[in-house]
Amino acid sequence: MSQPQNHAQRSDLFLLDEERTTWHDETLWFVRQKRDRAVYATPEFQELRQLASDIKDHTLSRLAEYLEQFEDAALANGVRVHWAADAAEHNRIVLGIVRQAGASRVVKSKSMLTEECHLNPHLLAHGVEVIDSDLGERIIQLRDEAPSHVVLPAIHLKKEDVGETFWQHLGTEKGLTDPQQLTEAARQHLRAKFLAAEVAISGVNFAIAETGSVVVCTNEGNADLAIGLARVHIACMGMEKLLPRLSDLAVFTRLLTRSATGQPITTYTSHFTKPLPGRELHVVIVDNGRSQQLGRPDFRASLKCIRCGACMNTCPVYRRSGGHSYDFTIPGPIGAILSPNIDMRKHASLPFASTLCGSCTDVCPVKIDIHTQLYKWRQVLGAEGMLPASKKYSMKLLSRVLARPALFKAGGAAARLGLRFVPHALSHAPGYNPWAIARELPAPPKQSFRDWHAAQAATPAPTV
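Every value quoted in this text rests on a predicted model; they were computed, and no experiment measured them.

**Description of a nonpolar patch on the surface**
1) Next: A contiguous nonpolar patch, built from Met395, Leu398, Leu402 and Phe408 and spanning about 400 Å² of accessible area, is present on the exposed surface.
2) Next: Mapped onto the fold, Leu398 is located in helix H19 (residues 389-402).

**Regarding empty space enclosed by the protein**
To find the voids left in a structure, one rolls a probe of water-molecule size over its atoms.
1) Next: One pass over the structure, following the stated rule, counts four cavities of 30 Å³ or more.
2) Next: In this structure, the largest cavity occupies an estimated 140 Å³ of space.
3) Next: Lining the largest cavity are 15 residues, with Glu116, Arg290, Leu303, Arg307 and Leu338 positioned closest to its centre.
4) Next: For the lining of the largest cavity, the secondary-structure elements that each account for two or more residues are helix H13 (290-294) and helix H16 (332-342).
5) Next: A total of three residues in the lining of the largest cavity trace back to one element, the largest contributor, which is H16.

**A word on the pattern of salt bridges**
1) Next: All chains considered together, the criterion is met by 24 salt bridges.
2) Next: Note that Glu240 is salt-bridged to Arg307, the shortest N-O span being 3.7 Å. Residue Glu240 is located in the loop between strand S7 (232-238) and strand S8 (242-243), and its partner Arg307 is located in the loop between H13 and helix H14 (310-314); the two are separated by 67 residues in the primary sequence. The same class applies to Glu240 as to Arg307, namely buried.
3) Next: Between Asp248 and Arg245 there is a salt bridge; the shortest N-O distance is 2.8 Å.

**With respect to the layout of surface pockets**
1) Next: Its volume calculated, the largest pocket comes out at about 1,600 Å³.
2) Next: In terms of lining, the largest pocket is formed by 39 residues, of which the most central are His7, Ala8, Gln9, Ser11 and Asp12.
3) Next: Looking at the lining of the largest pocket, the elements with two or more residues in it are helix H1 (7-15), helix H2 (18-40), helix H15 (316-321) and H19.
4) Next: Among the elements that make up the lining of the largest pocket, the one with the highest residue count is H1 (seven residues).
5) Next: Its residues assigned to classes, the lining of the largest pocket comprises 16 nonpolar, 14 polar and nine charged.

**Let's talk about the sheet that holds strand S3 (residues 129-132)**
1) Next: Judged by pairing direction, the sheet is parallel, and its six strands sit side by side in the order S1-S10-S7-S4-S2-S3 without closing on themselves. One side of each edge strand has no neighbouring strand; the edge strands of this open sheet are strand S1 (80-84) and S3. Neighbour-to-neighbour, the strand axes of the sheet open up by a mean angle of 20 degrees, direction not taken into account.
2) Next: With five bridges connecting them, S1 and strand S10 (residues 280-286) associate as parallel partners.

**Some words on the packing of helix H3 (residues 45-61) against helix H12 (residues 249-260)**
1) Next: Running from N to C, H3 and H12 point in directions that differ by 115 degrees, and their axes come no closer than 10 Å. H3 and H12 meet at a crossing whose hand is left-handed. Here Phe45, Leu48, Arg49, Leu51, Ala52, Ile55 and Lys56 of H3 come into contact with H12, specifically with Val251, Phe252, Arg254, Leu255, Arg258 and Ser259.
2) Next: The class makeup of the residues in the contact of H3 with H12 is eight nonpolar, one polar and four charged.

**Quick look at the domain arrangement of the protein chain**
Much of the literature gives interface size as the accessible area that the parts lose upon coming together.
1) Next: Under the domain assignment, the protein chain is made up of domain 1 (17-291), domain 2 (302-383) and domain 3 (389-453).
2) Next: Taken over C-alpha atoms, the centre of domain 2 sits 29 Å from the centre of domain 3.

**Topic: the packing of helix H10 (residues 179-196) against helix H11 (residues 222-229)**
1) Next: At a minimum axis separation of 8 Å, H10 and H11 run at an interaxial angle of 30 degrees. Of H11, the residues touching H10 (which contributes Arg191, Phe194 and Leu195) are Asn222, Leu225, Ala226 and Leu229.
2) Next: Looking at the contact of H10 with H11 residue by residue, the classes come out as five nonpolar, one polar and one charged.

**Digging into the sheet that holds strand S9 (residues 268-272)**
1) Next: Strand order in the open sheet formed by four strands is S8-S5-S6-S9, with mixed pairing between adjacent strands. Each end of this open sheet is capped by a strand with a single partner; those strands are S8 and S9.
2) Next: With two bridges joining them, strand S5 (residues 206-208) and S8 adopt parallel strand pairing. Across the sheet, Ile208 pairs through a bridge with Leu243, a residue of S8.
3) Next: Of the strands in this sheet, S5, strand S6 (213-218), S8 and S9 are in contact with H12, which crosses S5 at around 170 degrees.

Parameters and conventions
- Residues numbered from 1 in each chain as written.
- Predicted model: local features only at pLDDT ≥ 70, side-chain atom pairs only at ≥ 80, totals over all residues.
- Heavy atoms only, no water.
- Patch = residues over 30% accessible without salt bridge, like charges linked within 9 Å, V, L, I, M, F, W, Y side chains within 5 Å.
- Areas by Shrake-Rupley, 256 points an atom, 1.4 Å probe, with all protein chains shown as cover.
- Salt bridge = Lys/Arg side-chain N within 4 Å of Asp/Glu carboxyl O.
- Helix = DSSP H or I, 4+ residues; strand = E, 2+ residues; numbered from the N terminus.
- 1 Å grid on protein atoms, 1.4 Å probe; cavity = no way out; pocket = protein on both sides within 12 Å on 5 of 7 lines; lining within 4 Å.
- Points joined across faces, edges and corners; volume = space filled by probe spheres on them.
- Buried < 20%, exposed > 50% of the residue type's maximum accessible area, 1.4 Å probe, protein only.
- Nonpolar A, V, L, I, M, F, W, Y, C, P; charged D, E, K, R; others polar.
- Pairing = 2+ DSSP bridges.
- Axes fitted to C-alpha atoms, helices over the stretch in contact; angles between N-to-C directions.
- Left-handed = near helix turned anticlockwise from the far one by under 90°.
- Contact = heavy atoms within 4.5 Å.
- Domains from an automatic or database assignment.

Here it is, written out as structure tokens:
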């Protein structure tokens, strides 16, 4: 039985297509630049970040209380509230609601939580047709792929890929690559699904404890269309999505799309408080490891995440390795913090998929200390014995060298001498030094900094 691949091994597969890798990198950096322009045009942006961070800290410190307040308000509005401890229970609850409604066709808007719980395969396995109505999500659903980004789920695909997919599944003209025509084909395909759906499933961007409302933010309006037509609406919500008051929401709507896509505000911000007469509104509140993360003081702040994707757009590792290399629903820097909480052994390589440059922390709209948490996860994984033998023993050897000045000095001298005589083909061998495949090693200095400093100290100061 083969061992599962780690992040570096999966990244190697993405990097084989150099043109796609470069395009992926440049496209996400373009989105990061749009974010920067939107931020610079908002003078109070840093104050909003701090306020949002404070609101989230407060909410997490009293999360149980606010969850109960939300449930009470929602029940008073005629909403049916369900609680799920994990992904399996969430899927059972959703399937039970669908069956109770006598439905066999479901339209689902974009929801990272349902992706996290693998809801689609569960419903399909039980004879329920489920159609993702977000354009990017529908594209990857047709391709039987997972999202590679929380906001731009098909960002790893080019228009040629989409054209080929639509030709195979929607019967469009072979070779069609015009984005407007492809979008129109998807629109016509999805309209029929909207009209036939009996149940609509949505995610939840924010939930308001004060009013018992759930808020869904979209740019396409697909969630509104599905929910408006279906008799039953199921809103699937991670328990960390709560805000205490309706007045708090404005802070986050000003931050969310500026950070995600550089827009001043989401095109559609829809509030769902009570069902219309003759209809049903269900809210499924999901834990699935969030309580455990809440109980980890070093990692609690990761639950403040509003899924804007800004940390992914700025991360040099994510941009060059692709979202699928993380093998987790939430990729990128924030996913590398959340994933070990779910399965430490499976995702042990992800906290090391970072340069710790801190750019992710700089752009986070709720001021999560992402790079610090990545570093702390490395310490936890080391203490739990989750490091590969090569990393474990090389770090032990390096720590002994760095702790002994004389040994460090001797090692530096040996390295400087050796690099002058080692053949280029050996020092740049792909199997030995993959870092040097696209880079050139600097020329070794003739002396160490320590030797240079000693020589300078021994030189008499010039007389004035």
